[in-house]
Amino acid sequence: MKKYNVIIGGFILFLFTACSQTRQESSRRQTVKTDTVISAAEQSILQYPGKVKAAEDANLSFRVSGTIRKIYVKDGTRVRKGQLLADLDPTDYQIQLDATEAEYLQVKSEAERVMALYKDGGTTPAANDKAEYGLKQITAKYNHHKDQLSYTRLYAPFDGYIDKHLFEPHETVGAGMPVLTMMSSERPEVEINLPAAEYIRRGQFKEYYCTFDIYPGKHHTLRPLYVIPRANANQLYTMRLKWENTSLPQPSPGMNTMVTILCDTTEKAPMTIPANAILHENGKTSVFLYETAQKKVRKCNITLIGLHTDGKATVTSAQIKPGDLIVSSGIHHIQDGETVTPLSATSKTNIGGLL
């Protein structure tokens, strides 16, 4: 009986020691928060609101100041390249040119006489040089004043439509002040704004088309022109697309549209992870991948593409894939290969984890 009690006591002591060691090992494990890696290319079809823009817009102005004498076109008028649109009162510029022309003719006559004498040896080289330089100077002045007179007339720089006029006849305008606005009659363009997550994978964009509520069931093919590589105040990247369809009704600038982009997702796409999960060491960036079966973490190298204001980051990596779990909190307190305990998800009915 005594021997039996000794065996029972030893077994209980063994269980107590094993449980104690298990609790100690468990208490030594770091508790970390994990998050799921998300593909940044889950959508193969993207849609963005857009606006129809004229292929070319221009604010037209005179190159000299003066009083507007007449505006020859009205708002909405179709005009041709080189057509006269408006002119200034040319009186002052005509008087200036007349005076300069008289001076030019006088200097030209005297200079030609001196240069003729020099050829016959009748004057000095210095007098000849003075005559040549004087003629060049007055010629330049004369041509400048002729140009200023011609600048009192405003012509259409391309085929298009007058959008609106900003001044009326008899008003005085300065050089460079817009007098008329004009838009071209070429096929229109469409402008959209891309978020940073889509801007970085624009190489996957393959096809583009837009739709209009006023043209139900019709897809208007677009061709990309350019993307401005600088984000605007809203952290969006402006993209311009060219209207390709000639057989479909042409929209007017200012119309709203919906642009659809078809993406090729066969390429390895970027992934979205919490920015807090990124570890920066020795000029390299990495994350800790949580291996569920082994309950251990493994350090994986990544390439950081961009950081976003919502606390997310876009990355690429050959070592992680969408759906993997990575450590998003506590990365500075763990080591590669360490066994960790993931933080349990908070129940919807246990807000704050108090129960």
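Position labels on residues start from 1 in each chain and follow its written sequence. Only residues with pLDDT of at least 70 get local features here, since the model is predicted, and only at 80 or more are side-chain atom pairs given and counted; chain-wide, interface and lining totals rely on the full set of residues. Side-chain metrics in this entry use all non-hydrogen atoms of the structure; hydrogen atoms and water are not considered.

Student: For this particular structure, what's the right way to read the overall build of the protein?
Tutor: Strands here are runs of E lasting at least two residues and helices are runs of H or I lasting at least four, both read from the DSSP assignment and numbered beginning at the N terminus. In terms of regular secondary structure, the protein is built from four helices and 24 strands. Relative accessibility under 20% of the residue-type maximum defines a buried residue, over 50% an exposed one, and the middle range a partly exposed one, all with a 1.4 Å probe and only protein chains included. Among the 355 residues that make up the protein, the fraction classed as buried is 33%. Should any heavy atoms of two residues lie within 4.5 Å, those residues are counted as being in contact. Intrachain contacts of the protein at a sequence separation of at least 6 include 74% that bridge at least 24 residues. Using the Shrake-Rupley algorithm and a 1.4 Å probe, accessible areas are obtained, with residue cover drawn only from the displayed protein chains. As displayed, the protein offers around 21900 Å² of accessible surface, 51% of which is attributable to carbon and sulfur atoms.

Student: What should I look at first to understand the nonpolar core in this one?
Tutor: As a rule of thumb, soluble globular proteins bury nonpolar side chains together. The biggest cluster of nonpolar side chains holds 31 residues, and the ones touching the most others in it are Leu 85 and Leu 180. For this core, the elements supplying multiple residues, two or more each, are β4 (57-61), β5 (66-71), β7 (84-88), α2 (91-119), α3 (125-150) and β11 (178-184). Setting aside anything within four residues of it in sequence, one finds Leu 85 in contact with Leu 60, Ile 71, Tyr 72, Val 73, Val 79, Leu 154, Tyr 155, Ala 156, Ile 162 and Leu 180. Listed in part, the 18 residues of the second largest apolar core include Tyr 48, Val 190, Phe 205 and Trp 243. Definition used in this section: a nonpolar core is a set of buried Ala, Val, Leu, Ile, Met, Phe, Trp, Tyr and Cys residues joined via side-chain atoms within 4.5 Å.

Student: Would you take a moment to explain a nonpolar patch on the surface for this structure?
Tutor: Put simply, a patch holds well-exposed residues, over 30% relative accessible area, that have no salt bridge, with like charges counted together within 9 Å and Val, Leu, Ile, Met, Phe, Trp or Tyr side chains within 5 Å. By salt bridge we mean one thing: a side-chain nitrogen of Lys or Arg within 4 Å of a carboxyl oxygen of Asp or Glu. Taken together, the side chains of Leu 225, Tyr 226 and Ile 228 make up a nonpolar region of the molecular surface, amounting to roughly 260 Å² of accessible area. Positionally, Tyr 226 belongs in strand β14 (residues 215-227). Given the relative accessible area of 43%, Tyr 226 is considered partly exposed.

Student: Any chance you could explain α2 here in plain terms?
Tutor: Structurally, the α-helix is built with 3.6 residues per turn, so residues lying three or four positions apart point the same way. Expected span, for any helix, means 1.5 Å times one less than how many residues it has. Its 29 residues place the ends of α2 42 Å apart at the C-alpha level, agreeing with the 42 Å of an ideal helix rising 1.5 Å per residue. Inspection of α2 places Tyr 93, Leu 97, Thr 100, Tyr 104, Ala 111, Val 114 and Met 115 among the buried residues, and these make up the whole buried set. Those residues of α2 that are buried are in contact with α3.

Student: Would you explain the pairing of β5 in this entry?
Tutor: With two bridges connecting them, β5 and strand β10 (residues 172-173) associate as antiparallel partners. In the sheet register, Thr 67 faces β10, and the bridge partner there is Thr 172. Pairing between strands is defined by DSSP: at least two bridges between the two strands are required. Inspection of the sheet shows β5 paired to β7 by three bridges, in the antiparallel sense. Residue pairing across strands places Ile 68 opposite Leu 88, the latter belonging to β7.

Student: What's the story with the packing of α2 against α3 in this structure? I'm lost.
Tutor: Two measures define how a pair of helices packs: the angle their axes make with one another and the distance between the axes. The convention used is that axes are lines fitted to C-alpha atoms, helices contributing only their stretch in contact, and that angles between N-to-C directions extend from 0 to 180 degrees. One can describe the packing of α2 onto α3 by two numbers: an axis separation of 8 Å at closest approach and a directional angle of 160 degrees. Taken as axis vectors, α2 and α3 run roughly antiparallel relative to one another. The chirality of how α2 crosses α3 is left-handed. Any angle from 65 to 115 degrees is called roughly perpendicular, while one under 35 is roughly parallel, one over 145 is roughly antiparallel, and all others are oblique. Put simply, a crossing is left-handed when the front helix is turned counterclockwise from the back one by less than a right angle, and right-handed when it is turned clockwise.

Student: Looking at this structure, how should I read the sheet that holds strand β6 (residues 78-79)?
Tutor: Pairing between the strands of a sheet is mediated by backbone hydrogen bonds and can be parallel or antiparallel. One open sheet accounts for four strands, arranged β4-β11-β9-β6; its pairing is antiparallel. Of all strands in the sheet, those with a lone pairing partner are β4 and β6, marking the two edges. Across five bridges, the pairing between β4 and β11 is antiparallel. Each bridged residue has a counterpart across the sheet, and for Asp 57 the counterpart in β11 is Met 183.

Student: Mind showing me how you'd approach the packing of aromatic side chains here?
Tutor: The geometry of an aromatic ring pair comes down to the distance between the two centres and the angle between the two planes. Each aromatic pair joins two rings of Phe, Tyr and Trp (for Trp, the six-membered one) with centres within 6.5 Å, and gets the label stacked for planes under 30 degrees apart, edge-to-face for over 60, and tilted for any other angle. If you walk through the whole model with that rule in mind, you get five aromatic pairs. Taking the centre distance of 3.9 Å and the plane angle of 5 degrees together, the rings of Tyr 199 and Tyr 237 count as stacked. Note that Tyr 199 is positioned in helix α4 (residues 196-199) and Tyr 237 in strand β15 (residues 236-243), a separation of 38 residues in sequence. The residues Tyr 199 and Tyr 237 share a single accessibility class, namely buried. Ring plane angle 55 degrees and centroid distance 6.0 Å describe the contact between Phe 212 and Trp 243, whose orientation is recorded as tilted.

Student: I'm lost on the pattern of salt bridges in this one. Help?
Tutor: A side chain of one charge can pair with a side chain of the opposite charge when the charged atoms of the two come close. Under the counting rule described, the total for this entry stands at 11 salt bridges. Of the charged contacts in the structure, one is a salt bridge between Lys 242 and Glu 186, with a shortest N-O distance of 3.8 Å. One end of the pair, Lys 242, is in strand β15; the other, Glu 186, is in the loop between β11 and β12 (189-195), and 56 residues separate them in sequence. Exposure remark for Glu 186: the relative accessible area of 47% places this residue in the partly exposed category. Here Glu 189 makes a salt bridge to Arg 240, at a shortest N to O gap of 2.5 Å. Within this pair, whereas Glu 189 is found in strand β12, its partner Arg 240 is found in strand β15, the two being separated by 51 residues in sequence. The class for Arg 240 is buried, based on a relative accessible area of 12%. In this structure, a network of salt bridges that share partners links the residues Glu 189, Glu 191 and Arg 240.

Student: Help me understand the pairing of strand β23 (residues 325-329) in this model?
Tutor: Two faces make up the sheet, and in a regular strand the side chains alternate between them. Of the strand pairs in this sheet, strand β1 (residues 30-36) and β23 are connected by four bridges, and their pairing is antiparallel. Bridged to Asp 35 within β23 is Ile 326. Two elements, strand β19 (residues 284-291) and β23, share two bridges in a ladder whose sense is antiparallel. Across the sheet, residue Leu 289 finds its bridge partner in β23, namely Ile 326.

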